[in-house]
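Architecture and fold: a report
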Amino acid sequence: MVYEICTYNVKKNRQDEFEVLARELREYYRACEGIREAVYIRQAQAALEGTVTYVLYLVCSDGAVVPDILDTVHKKYERRFSRCITGNPCAIIGEAVC
């Protein structure tokens, strides 16, 4: 399996808007072939001042083309993302080691 972890620093005044987007995207990811699980997590501790950190956690089957899916989603929803987040999302793609 392949794991994808992507972090977003969301403006505090845009949390509700981002969470609506996250729910929509979670359902989109789950409908994609090769995606076993998609979860958005809100960080409980304080992030950068004025932001809240959200994490996207995807579990994919071997051979799933995860970077293409994320690039497509980030381009398709670029305006909504740009209203809600500061900076660029940070992504890590990897495989389980144990």
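The structure this text deals with has already been given above.
What this report covers is the structure whose coordinates are included nearby. (Residues numbered from 1 in each chain as written. Predicted model: local features only at pLDDT ≥ 70, side-chain atom pairs only at ≥ 80, totals over all residues. Heavy atoms only, no water.)

This brings us to the overall build of the chain. Assigned secondary structure in the chain consists of 3 helices and 4 strands. In sequence order, the secondary structure elements of the chain are arranged as β-α-β-β-α-α-β. Relative to the 2.2 N^0.38 estimate, which gives 13 Å for 98 residues, the radius of gyration of the chain is 13 Å and therefore close to what a compact globule would have. Projected onto its principal axes, the C-alpha positions of the chain cover 40 × 30 × 20 Å. Split into buried and exposed, the 98 residues of the chain put 33% on the buried side. Residue pairs in contact within the chain that sit at least 24 positions apart in sequence constitute 74% of those at least 6 positions apart. Total accessible area computed for the chain in this model is approximately 6,200 Å², and 50% of it derives from carbon and sulfur atoms. (Helix = DSSP H or I, 4+ residues; strand = E, 2+ residues; numbered from the N terminus. Rg over C-alpha atoms; globule rule 2.2 N^0.38 Å. Buried < 20%, exposed > 50% of the residue type's maximum accessible area, 1.4 Å probe, protein only. Contact = heavy atoms within 4.5 Å. Areas by Shrake-Rupley, 256 points an atom, 1.4 Å probe, with all protein chains shown as cover.)

Taken in spatial order, the 4 strands make up an open sheet running β2-β3-β1-β4, and their pairing is antiparallel. Looking at strand neighbours, the two that pair on one side only are β2 (35-42) and β4 (85-95), the edges of this open sheet. With strand direction ignored, the average angle separating the axes of adjacent strands in the sheet is 15°. Across 10 bridges, the pairing between strand β1 (residues 2-11) and strand β3 (residues 51-60) is antiparallel. Within β3, the position partnered with T7 by the bridge is V55. Its contacts with the sheet place helix α1 (residues 15-31) against β1, β2, β3 and β4, and it is angled at close to 170° to β2. (Pairing = 2+ DSSP bridges. Axes fitted to C-alpha atoms, helices over the stretch in contact; angles between N-to-C directions.)

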